[in-house]
Amino acid sequence: MTPPRRRPSFWEPKYTDVMSARSAPAGVTSADTRGRWGEYGGVFVPESLMEALRQLEAVRVEAWTDPEFHAELDRLNREVIGRPTPLYLASRLTTKVGGARIWLKREDMAFTGAHKINNTLGQLLLTLRMGKTRVLAETGAGMHGVATAAAAAYFGIPCLVYMGAEDTRRQSHNVARMKMLGAEVRPVTNGSETLKDAINEALREWVSTVETTHYVIGSVVGPHPYPQMVGDLQSIIGREARGQMLELTGKLPDAVVACVGGGSNAIGIFRGFIDDAGVRIYGVEAAGTGAKGAPHSAAIGLGRPGVLHGARSYLLQDNDGQILPAHSVAPGLDYPGVGPEHSMLKDNGRVQYLTATDADAVAAFRTLASSEGILPALESSHAVARGMDLARSLGKDGDVLVCLSGRGDKDVDIVAGMLGL
Amino acid sequence: MSVDIQFDLGAHLKQKVSEGRKLVVPYLTCGLPSPGEFVDLYVKLAESADAIEVGIPFSDPVMDGPVIQEASVRALEAGVTVDGCLGLIAEALKRTSTPAVVMTYYNPVHSAGLETFAEKAAAAGVSGLIVPDLPYEECAELDQALKDKGLALIQLVAPTTPAERASMLAAASRGWVYVVSRMGVTGLQDSLASASAEVVDRVKPHTDLPVLVGVGISTGELAGEACRVADGVIVGTAVVKRVLEDDLPGVVSLISSMREAVNPS
């Protein structure tokens with residue numbers, strides 16, 4: 001493929017990743033001036049949305065360099081989210097596995113029960129700065145929907161959430177939570193009735209209301225500047241975890257593991273360790289049932305590059321470029337694409353991408369619950385499953401850091417059903 | 001199935017406009033209601049249309065409202081493929097010279113490979129391409145690939161496009177300039193947003209190509225209103241709705257009535 005002709009950059013002014021640079025000596029990654037991560041990312045949206053994206057990028061750059069913005073974000077992180085979240089040594093799990101020490105970054109203890117709130121409070125601050133009066137979100141497992149609804153309630157702004165009809169059934173607990181927080185929840189009955197279709201509907205709604213409404217995308221996906229912005233807001237996970245590991249063990253972990261759907265908790269924790277060459281980094285995608293030919297969500301492992309929802313990235317698609325239905329027992333991983341920064345990290349080899357099946361995740365859920373008293377989200381359970389393998393292979397002197405991205409209360413019906421409890 | 005590809009869509013349409021004709025461009029989802037009926041409908045509409053926009057269906061059409069989404073689902077379920085669509089267009093173009101413009105999303109084009117797609121489209125006789133999720137900043141490669149094969153890449157201008165950017169898009173567009181009449185996805189509407197006339201005015205000084213208004217043009221009355229400032233209209237949902245209802249005579253009479261409304265005889 002020939003490189004594209006040089007075009008004047010749409011994004012003015014050129015941004016600097018001040019947020020990461022400000023507090024982290026390492027882990028600074030950012031898209032280029034075209035919003036590209038290597039050959040991934042970009043801005044593939046209808047012309048109707050271009051002006052809103054330009055405005056968002058301008059306001060984001062201004063905020064990222066404004067001490068007042070950071071002071072307010074720091075306050076929200078402390079007082080609303082309860083940061084820093086603990087770094088937790090899972091001692092009984094470590095003993096049970098019989099290998100390296102297993103450390104959990106406890107994003108499940110963040111307000112609303114997952115890392116998603118790190119992103120939504122930051123985007124709500126930008127919404128106010130843009131003078132927009134309403135927010136819109138998609139949600140898969142419902143955790144991003146809940147985190148957006150809570151942030152919108154905190155700032156007194158109306159909130160509309162699109163959720164696949166299939167997901168409203170399997171995560172009904174979160175539908176009720178969103179409604180209680182004052183959000184409107186619209187079930188989406190198109191396509192596979194999951195996260196991809198919720199994003200389609202959110203984009204359609206956004207085209208009609210873009211002048212008053214900010215679209216709070218919940219992962220490191222979508223057109224530039226979303227992957228950059230969401231990754232920056234989530235990078236606090238990795239900055240904290242790196243400092244906590246050094247403080248508690250005097251060294252960096254041997255391996256860092258996180259689950260990858262769109263991939264925002266993973267980018268959040270990875271950013272803290274990207275520049276530490278001695279730290280091996282693993283992303284875990286959902287393999288679904290693992291049966292041959294059955295749908296899964298391993299876009300990086302088994303997909304090829306394509307363009308969906310505003311960005312070029314690895315994608316599950318057929319030979320004609322039609323998007324294939326994804327599947328995972330974890331609704332938050334049930335997505336045929338992945339964030340463009342992950343695609344770059346796969347190609348440059350910095351991160352290794354593994355998979356875990358539905359059964360692996362449920363087994364890890366049970367093991368963690370019974371050995372530590374923690375109910376992990378089924379999404380995070382994929383990372384726990386491969387984290388235990390890594391601990392086994394590293395041996396007793398090692399340290400494995402797992403991002404426990406969310407709590408599993410939302411999943412008790414799914415797991416109880418599978419286990420016949 | 002080789003068809004003459006040395007055809008300049010922009011020049012062809014400009015000539016018509018210079019003769020005082022307003023342009024009517026209906027949109028058909030390829031392969032509906034059946035492959036054979038699609039080809040017949042194309043040929044029939046070609047009698048009163050100036051070009052025909054043919055949608056190659058995509059699984060996730062984010063710029064489209066419920067009607068065209070439904071048509072895309074039906075076409076894909078019936079087994080329509082990119083190559084199959086281009087084959088049907090080539091068949092239609094053996095029976096009429098009214099130019100075909102393909103509307104599709106970027107992933108099917110990207111998946112085929114830009115040069116390969118351009119080559120296949122040219123071989124089918126396609127004159128131009130509209131890719132609603134490919135904004136100017138990302139279009140350089142495809143623009144070049146299409147140019148090499150004599151195909152036009154049509155740029156869209158929206159009500160939210162600032163004046164300076166609108167002039168840039170107008171200058172970059174080929175074939176025609178597509179003015180999106182309102183903020184929203186494709187669908188029906190009862191009145192024409194006043195913004196669309198302003199956008200047409202913003203664009204006109206920067207291009208000598210025809211400026212066409214689309215999205216929500218569902219009646220002859222709205223088409224006539226749009227053509228007071230624009231050079232023509234694109235009619236999508238109103239056509240596809242009738243196709244989905246199997247009302248093919250209704251499609252033909254709608255387009256004839258639009259023809260009459262924009263150029264009263």
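Residues numbered from 1 in each chain as written. Chains lettered and ligands numbered in written order. Predicted model: local features only at pLDDT ≥ 70, side-chain atom pairs only at ≥ 80, totals over all residues. Heavy atoms only, no water.

Undergrad: Please explain the overall build of chain A as it appears in this structure.
TA: When helices and strands are counted, chain A shows 17 helices and 14 strands. The C-alpha radius of gyration of chain A comes to 20 Å, within 12% of the 22 Å expected for a compact globule of 421 residues. The principal-axis extent of the C-alpha atoms belonging to chain A is close to 55 × 50 × 45 Å. In chain A, buried positions account for 66% of the 421 residues. Put simply, of all contacts in chain A between residues at least 6 apart along the chain, 74% involve residues at least 24 apart. When the accessible surface of chain A is split by element, carbon and sulfur atoms take 54% of a total near 14,000 Å². (Helix = DSSP H or I, 4+ residues; strand = E, 2+ residues; numbered from the N terminus. Rg over C-alpha atoms; globule rule 2.2 N^0.38 Å. Buried < 20%, exposed > 50% of the residue type's maximum accessible area, 1.4 Å probe, protein only. Contact = heavy atoms within 4.5 Å. Areas by Shrake-Rupley, 256 points an atom, 1.4 Å probe, with all protein chains shown as cover.)

Undergrad: Which parts of the structure should I look at to understand unusual backbone geometry?
TA: Most peptide bonds take the trans configuration, and most residues that are not glycine carry a negative phi. With an omega dihedral of 0°, the bond running from A:Arg83 to A:Pro84 counts as a cis peptide bond. With respect to the secondary-structure elements, A:Pro84 resides in the loop between helix H3 (67–81) and strand E3 (87–89). At the junction of A:His224 and A:Pro225, the peptide bond is cis and its omega measures out at 10° in the coordinates. Note that A:Pro225 resides in the loop between strand E8 (213–215) and helix H10 (226–234). The backbone of A:Glu193 shows a phi angle near 60°, a positive value even though the residue is not glycine. The backbone of B:Asp246 sits at a positive phi, close to 60°, despite the residue not being glycine. Mapping B:Asp246 onto the fold places it in the loop between helix H11 (237–244) and helix H12 (248–262).

Undergrad: Teacher, can you tell me more about the nonpolar core here?
TA: Soluble, globular proteins show a tendency: their nonpolar side chains are buried together. Residues B:Leu142 and B:Trp176 are the most contacted members of the largest nonpolar core, which totals 163 residues. Each of domain 1 (37–75 + 116–231) and domain 2 (82–113 + 236–419) of chain A contributes no fewer than three residues to this core. (Core = buried A, V, L, I, M, F, W, Y, C linked by side-chain atoms within 4.5 Å. Domains from an automatic or database assignment.)

Undergrad: Before we go on, may I ask you to explain the sheet that holds strand E3 (residues 100–103) of chain B in this structure?
TA: Two modes of strand pairing occur in sheets, parallel and antiparallel, and in both the strands are linked by backbone hydrogen bonds. Residue and element names in this part refer to chain B. What the 9 strands build is an open sheet, ordered E5-E4-E3-E2-E1-E9-E8-E7-E6; its pairing is parallel. Sheet topology places strand E5 (152–153) and strand E6 (155–157) at the edges, where each strand pairs with a single neighbour. Relative to strand E7 (residues 177–180), E6 runs parallel, the two being bridged by 3 bridges. Bridging from a neighbouring strand, Val157 pairs with Val179 of E7. (Pairing = 2+ DSSP bridges.)

Undergrad: It is not clear to me how the sheet that holds strand E5 (residues 134–139) of chain A should be interpreted in this structure. Could you clarify?
TA: Residue and element names in this part refer to chain A. Reading across from one edge, E7-E6-E5-E8 is the order of the 4 strands in this open sheet, with parallel pairing throughout. Pairing within the sheet leaves two strands with one partner each, and these edge strands are strand E7 (184–188) and E8. Averaged over all pairs of adjacent strands, the angle between strand axes in this sheet comes to 20°, irrespective of strand direction. In terms of strand pairing, strand E6 (residues 159–164) meets E7 through 5 bridges, oriented parallel. Within E7, the position partnered with Gly164 by the bridge is Val188. (Axes fitted to C-alpha atoms, helices over the stretch in contact; angles between N-to-C directions.)

Undergrad: Where do I start with the interface of chain A and chain B in this structure?
TA: Often, the extent of an interface is quoted as the loss of accessible area upon association of its parts. Taken together, the contacts link 42 residues of chain A with 41 residues of chain B. Here chain A and chain B share an interface that buries about 3,400 Å² over both sides, 50% of which is from carbon and sulfur atoms. Counting across the interface, chain A meets chain B through 4 salt bridges. As a salt-bridge pair, A:Lys196 and B:Asp60 come within 2.6 Å of each other at their nearest N and O atoms. One can count 23 residue pairs in polar contact (both at pLDDT 80 or more) joining chain A with chain B. A per-element tally of the side of chain A that touches chain B places helix H9 (residues 195–209) of chain A first, with 8 residues. (Buried area = accessible area lost by both parts, 1.4 Å probe. Salt bridge = Lys/Arg side-chain N within 4 Å of Asp/Glu carboxyl O. Polar contact = N/O pair within 3.5 Å; in protein donor to acceptor, adjacent residues only side chain to side chain.)

Undergrad: Please explain the domain arrangement of chain A as it appears in this structure.
TA: Residues and elements named next belong to chain A. Each domain of chain A was delimited in the assignment, giving domain 1 (37–75 + 116–231) and domain 2 (82–113 + 236–419). Taken over C-alpha atoms, the centre of domain 1 sits 22 Å from the centre of domain 2. Taken residue by residue, the interface counts 40 residues in domain 1 and 42 residues in domain 2. Here domain 1 and domain 2 share an interface that buries about 3,200 Å² over both sides, 61% of which is from carbon and sulfur atoms. Considering only the side of domain 1, the residues that lose the most area to domain 2 are Trp37, Tyr40 and Arg170, jointly responsible for 22% of the buried surface there. Run the count over domain 1 and domain 2 and you get 2 salt bridges. Among the ionic pairs, Arg312 bridges to Glu39, the shortest N-O distance being 3.0 Å. For the pair domain 1 and domain 2, the interface holds 14 residue pairs in polar contact (both at pLDDT 80 or more). Elements with a minimum of two residues in the side of domain 1 that touches domain 2: strand E2 (40–44), helix H5 (116–130), helix H6 (143–155), helix H7 (165–170), helix H8 (172–180), H9 and H10. Of the residues contributing to the side of domain 1 that touches domain 2, the split by class is 19 nonpolar, 15 polar and 6 charged. (Nonpolar A, V, L, I, M, F, W, Y, C, P; charged D, E, K, R; others polar.)

Undergrad: Which parts of the structure should I look at to understand the packing of aromatic side chains?
TA: By convention here, two paired aromatic rings are described through the distance between centres and the angle between planes. Under the definition given, this model contains 9 aromatic pairs over all chains. The interplanar angle of 10° and the centroid separation of 5.4 Å between the aromatic rings of A:Phe44 and B:Tyr106 together place this pair among those described as stacked. In this pair, A:Phe44 sits in strand E2 while B:Tyr106 sits in helix H5 (residues 106–112), so the two residues belong to two different chains. Exposure class is identical for A:Phe44 and B:Tyr106. Each is buried. Taking the centre distance of 6.4 Å and the plane angle of 65° together, the rings of B:Phe38 and B:Tyr42 count as edge-to-face. Residue B:Phe38 and its partner B:Tyr42 are located together in helix H2 (residues 35–45), separated by 4 residues, close to a single helical turn. Judged by its relative accessible area of 0%, B:Phe38 is buried. Members of the aromatic cluster, connected to one another through ring pairs, are A:Trp206, A:Tyr215 and A:Tyr226. Above the face of the A:Tyr88 ring, A:Arg106 is positioned so that its terminal group lies 5.0 Å from the ring centre. In this structure, A:Lys346 is placed above the aromatic ring of A:Tyr314, and the distance from its NZ or CZ to the ring centre is 5.8 Å. (Phe/Tyr/Trp six-rings, centres within 6.5 Å; stacked < 30°, edge-to-face > 60°. Lys NZ or Arg CZ within 6 Å of the ring centre and 35° of its normal.)

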